[in-house]
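# Breakdown of the fold
Here is how the chains run, residue by residue.
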Amino acid sequence: MASSPPLPPTPLEQPHLVSLVLQSKKALQHGEQLCSKANALSNTSAQCSIDVLALDAKVKWLSDAVLEQLKLAASVAKSIEYKRAQLDKQVREWDTGRTRRTNALDGILESLGAQLVPPDFHQPSSESSLFGSQHSDLGANGISGIFNADHSPTATLRDNAFERKGKRTDRTKWKTLRDFVDERAIEDVLDSLEGERTKLDDVLASTYDYPETLLNTVSSIRESLPESSALPSIRDIIISQEKISTQMASHLESLAAHYDQMAGALRESEAGESFSEEDLQDMNRDTNELPSIMSELEESMKSIEATHEQLLSAKALGEQQREVHRTTLDDLDELGEIMSEMLQRQQDVVDECRELLDGLQQQLLVIDDLYHRFVQYQGSFNKLLVEIARRRQYKEAAERIVEGMMRQLDALTEEERHVRNEFNADHGAHIPADICLCIENMPTRWEVVPYDGDLLETLPEIDDDILAQAKDNSDVKVSIPGSESL
């Protein structure tokens, strides 16, 4: 159907269409920019989402690896602490043994100091040994060297009996068994023991702070680890951006369709076609809806930007956490070297302490030996007192026997002298001088000549038959004076 020639536009109609077209075009261009930017942001967000997930996985892996290393470091600290506890236990056991032995040694020394030694039992001596005036090399009976060899206690008892009784009235000046002990030698042993014990403390102290240092370092590194942060839901962001992009695309299509409609109307108007008032109202209504559409596009754009910023923040946080982990890994490397040195040093300390404890244990055996020697010393001295008392009883019994025998021998000797004098007086003049020269000898005095088991004088031998013949031919009765008393 042929169209009528276009009428010239009214004064208001043509400019109004142009304005509508320009608004539509401007809205379309702005919408295209927003959609293009939204599309770019969506693509960037997709890549950023991949980066965020990769960073999160790496940070979690690093965190787990760091925590495992920290567990290892904590176990090393516990191991060092356990080894130290074992050493401390051995040292405490040794200290208990030392206390027991030193108390026993002090006890026996106090016992020695409470036991008096009578003055007759010792003589001053310049010799020095573990037992003072005693010889270090004790004899088989355990008392060799107690008495001075130049002056025996027996002589002292016999020669100074009166002085001895005077001394015993004041026992405050008497010596004790402890006076014969070399206190300086004991102090040297104890000082040496204490010196080695102090050295052991110094060795132990060299690693005293290792467990605490390691645990503090582990706590510091653990506290420096980035806190686990909740990631935004990548899936929700992608779905949201996709939905928004679809809506923006739909709005852009509407803007494009509106612009095409307005551009076509302008062309038709320029071609002379006139529009009814209703058509113009529809065009104005559609154009008036453009700000609403643009507002929705801008809101959609802001939403995409917001979700993109979420991803960027998550990525920045992940990169920051990764950098923190790099520093943490450096700290772990340094901690690993420190732990190796600590373990080696702790093992050296263990070896050195065991060596020192072995030496200290040997020194405790010296204290044991001192204790047992002093116990034997005291016991032997007590046995000595009992032995001296027994010998005194023996001596007194022997003296009583000897005194009785001496009295009998003196009486027998006097009787023998009387008989010999009578014999010499009666018969000496009738016997030639060269027969039996010993006939005029007098009996020996028993108190000046010790009895040695032989006869005290040499007499001629007389056979029994000759003696019998002499008895038959003699009126003299032969008898042994004093035999009846014997």
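Scroll up to find the structure.
My aim in this report is to walk through the structure given alongside it, one point at a time. A quick note: this is a predicted structure, and the numbers were derived from the prediction, not measured.

### Brief notes about the overall build of the protein
Looking only at helices and strands, the protein has 9 helices and 2 strands in total. Taking all 486 residues of the protein together, the buried fraction comes to 30%. A separation threshold of at least 6 residues defines the contact pool for the protein, and within that pool the share at least 24 residues apart is 90%. When the accessible surface of the protein is split by element, carbon and sulfur atoms take 52% of a total near 31,400 Å².

### Comments concerning a nonpolar patch on the surface
A contiguous nonpolar surface patch, about 300 Å² in accessible area, is contributed by Phe-423, Ile-431, Ile-435 and Ile-439. Tracing the backbone through its elements, the reader meets Ile-439 in the loop between helix H8 (290-427) and helix H9 (464-473). For Ile-439, a relative accessible area of 31% gives the class partly exposed.

### Re the packing of aromatic side chains
Applying the stated criterion across every chain yields a total of 1 aromatic pair. Between the aromatic rings of Phe-121 and Phe-381, the centroid separation amounts to 6.1 Å while the plane-to-plane angle is 65°, which identifies the pairing as edge-to-face. In this pair, Phe-121 sits in the loop between strand S1 (116-117) and helix H2 (153-159) while Phe-381 sits in helix H8, placing the two residues 260 residues apart along the sequence. For the pair formed by Phe-121 and Phe-381, the shared burial category is buried. Here the basic side chain of Lys-175 rests over the ring of Phe-180, its NZ or CZ set 5.5 Å away from the ring centre.

### Thoughts on the packing of helix H4 (residues 183-205) against H8
Two elements in contact, H4 and H8, have axes whose closest approach is 10 Å; the angle formed by their N-to-C orientations is 160°. If you check the angle between H4 and H8, you find them roughly antiparallel. In the crossing of H4 with H8, the sense of the turn from one axis to the other is left-handed. In this structure, H4 uses Ile-186, Val-189, Leu-190, Ser-192, Leu-193, Glu-196, Arg-197, Lys-199, Leu-200, Val-203 and Leu-204 to contact H8, whose residues at the interface are Val-349, Glu-352, Cys-353, Leu-356, Leu-357, Leu-360, Gln-363, Leu-364, Val-366, Ile-367 and Phe-374. For the contact of H4 with H8, the residue count by class is 16 nonpolar, 2 polar and 4 charged.

### Brief notes about the packing of helix H6 (residues 234-270) against helix H7 (residues 277-288)
Running from amino to carboxyl end, H6 crosses H7 at an angle of 145°, the nearest separation of the two axes being 11 Å. Both H6 and H7 take part in a crossing whose hand is left-handed. Contact residues: H6 offers His-258, Gln-261, Met-262 and Ala-265, while H7 offers Met-283, Asp-286 and Thr-287. A per-class count over the contact of H6 with H7 returns 3 nonpolar, 3 polar and 1 charged.

### Digging into the nonpolar core
By size, the foremost hydrophobic cluster in this structure holds 30 residues, and its most contacted members are Leu-105, Leu-112, Leu-200 and Phe-374. When residues of this core are traced back to their parent elements, those giving at least two are helix H1 (13-114), H4 and H8. Ranked by residue count, the leading element in this core is H8, at 13 residues. Within the second largest apolar cluster, 16 residues are counted, among which are Ala-38, Ile-244, Met-301 and Ile-304.

### Notes on a negative patch on the surface
A surface patch of negative charge is lined by Asp-330, Asp-331, Asp-333, Glu-334, Glu-337 and Glu-341. One can find Asp-331 in helix H8.

### Topic: the environment of His-418
Inspection of the secondary structure puts His-418 in helix H8. On the basis of relative accessibility, which here comes to 47%, the residue His-418 falls in the partly exposed class. Once the C-alpha coordinates of His-418 and Met-442 are considered, the two residues, 24 residues apart in sequence, prove to be 9.6 Å apart.

### Focus on H6
Taking 1.5 Å of rise per residue, 37 residues should cover 54 Å, and H6 covers 53 Å from first to last C-alpha, within 8% of that figure. One or two positions beyond H6, positive phi appears at Gly-272, with a value near 105°.

### So, the pattern of salt bridges
Under the definition given, this model contains 16 salt bridges. Measuring nitrogen to oxygen at the nearest pair gives 3.3 Å for the salt bridge that ties Asp-56 to Lys-60. Pair noted here: Asp-56 and Lys-60 are both in helix H1, with a separation of 4 residues, about one helical turn. Under the relative-accessibility criterion, Lys-60 is labelled partly exposed at 46%. One salt bridge connects Glu-416 with Arg-420, and the closest N-O pair in it is separated by 2.6 Å. Of this pair, Glu-416 and Arg-420 are both found in helix H8, 4 residues apart, which corresponds to roughly one turn of the helix. For Arg-420, a relative accessible area of 15% puts it in the buried group. In this structure, a network of salt bridges that share partners links the residues Asp-95, Arg-98, Glu-194, Arg-197 and Asp-201.

### Let's talk about helix H5 (residues 210-224)
The first and last C-alpha atoms of H5 sit 21 Å apart over 15 residues, in line with the 21 Å expected at 1.5 Å per residue. Burial in H5 covers these residues: Tyr-210, Pro-211, Leu-214, Val-218 and Ile-221. Projection of H5 onto a plane perpendicular to its axis shows the buried side chains occupying an angular sector of 100°, all on one side. Of the exposed residues in H5, those oriented more than 90 degrees away from the buried face are Glu-212 and Glu-223.

### Concerning the environment of Ala-256
Counting through the fold element by element, Ala-256 comes out in helix H6. When the C-alpha positions of Ala-256 and Gly-31 are compared, they lie 9.1 Å apart, and in sequence the two are 225 residues distant.

Definitions and limits used
Residues numbered from 1 in each chain as written. Predicted model: local features only at pLDDT ≥ 70, side-chain atom pairs only at ≥ 80, totals over all residues. Heavy atoms only, no water. Helix = DSSP H or I, 4+ residues; strand = E, 2+ residues; numbered from the N terminus. Buried < 20%, exposed > 50% of the residue type's maximum accessible area, 1.4 Å probe, protein only. Contact = heavy atoms within 4.5 Å. Areas by Shrake-Rupley, 256 points an atom, 1.4 Å probe, with all protein chains shown as cover. Patch = residues over 30% accessible without salt bridge, like charges linked within 9 Å, V, L, I, M, F, W, Y side chains within 5 Å. Salt bridge = Lys/Arg side-chain N within 4 Å of Asp/Glu carboxyl O. Phe/Tyr/Trp six-rings, centres within 6.5 Å; stacked < 30°, edge-to-face > 60°. Lys NZ or Arg CZ within 6 Å of the ring centre and 35° of its normal. Axes fitted to C-alpha atoms, helices over the stretch in contact; angles between N-to-C directions. Parallel < 35°, antiparallel > 145°, perpendicular 65-115°, else oblique. Left-handed = near helix turned anticlockwise from the far one by under 90°. Nonpolar A, V, L, I, M, F, W, Y, C, P; charged D, E, K, R; others polar. Core = buried A, V, L, I, M, F, W, Y, C linked by side-chain atoms within 4.5 Å. Lys, Arg positive; Asp, Glu negative; His and termini not counted. Charge placed at Lys NZ, Arg CZ, Asp CG, Glu CD. Expected span 1.5 Å × (residues − 1). Arc of directions from axis to C-beta.

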